[in-house]
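# A closer look at the structure
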Amino acid sequence: GDSVTQMEGPVTLSEEACLTINCTYTATGYPSLFWYVQYPGEGLQLLLKATKADDKGSNKGFEATYRKETTSFHLEKGSVQVSDSAVYFCALSFHSGNTGKLIFGQGTTLQVKP
Amino acid sequence: DAGVIQSPRHEVTEMGQEVTLRCKPISGHDYLFWYRQTMMRGLELLIYFNNNVPIDDSGMPEDRFSAKMPNASFSTLKIQPSEPRDSAVYFCASSSTGRGAGANVLTFGAGSRLTVL
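Residues numbered from 1 in each chain as written. Chains lettered and ligands numbered in written order. Predicted model: local features only at pLDDT ≥ 70, side-chain atom pairs only at ≥ 80, totals over all residues. Heavy atoms only, no water.

This next bit is on the nonpolar core. Soluble globular proteins tend to bury their nonpolar side chains together. One finds Leu19, Trp35, Leu47, Leu48, Phe73, Leu75 and Tyr88 of chain A to be the most contacted residues of the largest nonpolar core, which totals 26 residues. Breaking this core down by element, the ones donating at least two residues are strand 2 (11-14), strand 3 (19-21), strand 4 (23-26), strand 5 (32-38), strand 6 (44-50), strand 8 (62-65), strand 10 (86-93) and strand 12 (108-113) of chain A. Ranked by residue count, the leading element in this core is strand 10 of chain A, at four residues. Not counting residues within four places of it along the chain, the set of residues in contact with Leu47 of chain A comprises Trp35, Tyr36, Val37, Asn59, Lys60, Phe62, Leu75 and Tyr88 of chain A. Counting residues in each nonpolar core, the second largest holds 20 residues, with Trp34, Leu77, Cys92 and Val116 of chain B among its members. (Core = buried A, V, L, I, M, F, W, Y, C linked by side-chain atoms within 4.5 Å. Buried < 20%, exposed > 50% of the residue type's maximum accessible area, 1.4 Å probe, protein only. Helix = DSSP H or I, 4+ residues; strand = E, 2+ residues; numbered from the N terminus. Contact = heavy atoms within 4.5 Å.)

Another aspect to go through is the packing of aromatic side chains. Under the defined criterion, the tally for this structure stands at 14 aromatic pairs over all chains. Ring centres 6.1 Å apart and planes at 65° place the aromatic pair Phe104 of chain A and Phe108 of chain B in the edge-to-face group. With Phe104 of chain A in strand 11 (residues 102-104) and Phe108 of chain B in strand 10 (residues 107-108), this pair bridges two chains. Of the residues examined, Phe104 of chain A reaches a relative accessible area of 9% and is grouped as buried. Here the aromatic rings of Phe33 of chain B and Tyr48 of chain B are separated by 5.2 Å at their centres, their planes lie at 20°, and the arrangement is stacked. Here Phe33 of chain B is found in strand 4 (residues 31-38), whereas its partner Tyr48 of chain B is found in strand 5 (residues 42-50), with 15 residues between them in sequence. (Phe/Tyr/Trp six-rings, centres within 6.5 Å; stacked < 30°, edge-to-face > 60°.)

Right, let's talk about the sheet that holds strand 1 (residues 5-7) of chain B for a bit. All names here are of chain B. Overall, antiparallel pairing links the four strands, which are arranged 1-3-8-7 in an open sheet. Edge positions in the open sheet fall to strand 1 and strand 7 (65-71), since each of these has one partner strand only. For this sheet the average axis-to-axis angle between neighbouring strands, irrespective of direction, equals 15°. The pairing of strand 1 with strand 3 (residues 19-24) spans three bridges and is antiparallel. What sits directly across from Gln6, in strand 3, is Cys23. (Pairing = 2+ DSSP bridges. Axes fitted to C-alpha atoms, helices over the stretch in contact; angles between N-to-C directions.)

The structure is reproduced here in structure tokens:
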């Protein structure tokens, strides 16, 4: 079945370090891909998305490129801040007949230290 | 818009009691989802509705769980009787079809944290 696999956390970085969180997927078709972020005590918020191969999603300094050949959607940021500390979820969805239905990875906790 | 509104934010109850969680989706959204989040299992889709009609409830763990959506602005998730293993954070989310920038993107509520003793 369709699934999403993320690198295990927690990931601990110093402020201004580079971030990469790996995400790969298994899907029978061509899904849309998402990164959601969950800050402590809050619900998930959409961080960025890409709907087709080679698309790059970006927001708040974060980027991810939809790579069909490697079935990956790795999240990157060049310089993290303490305020980026959160749990990051990679997810996929198929539009047809299941608008918004997401399959999530397990989540990766990021902790950024000053 | 105030976003997706869930209540209660926290619920502590004893095993065997009935629990009802409530959700108000974003106005105009035609899809509503209930997710459960635990440390062990991550985020699991329990059920989702389209235009108030349940479409897929295959994620509902057992008959103790039920969900309703009597109108476009309200949904409930009920657990009866509750058990300690039901302790989790339950999220409601909504989305809309269409071609706008926000179409097909889930907006989550803040969640309801349930503790069953």
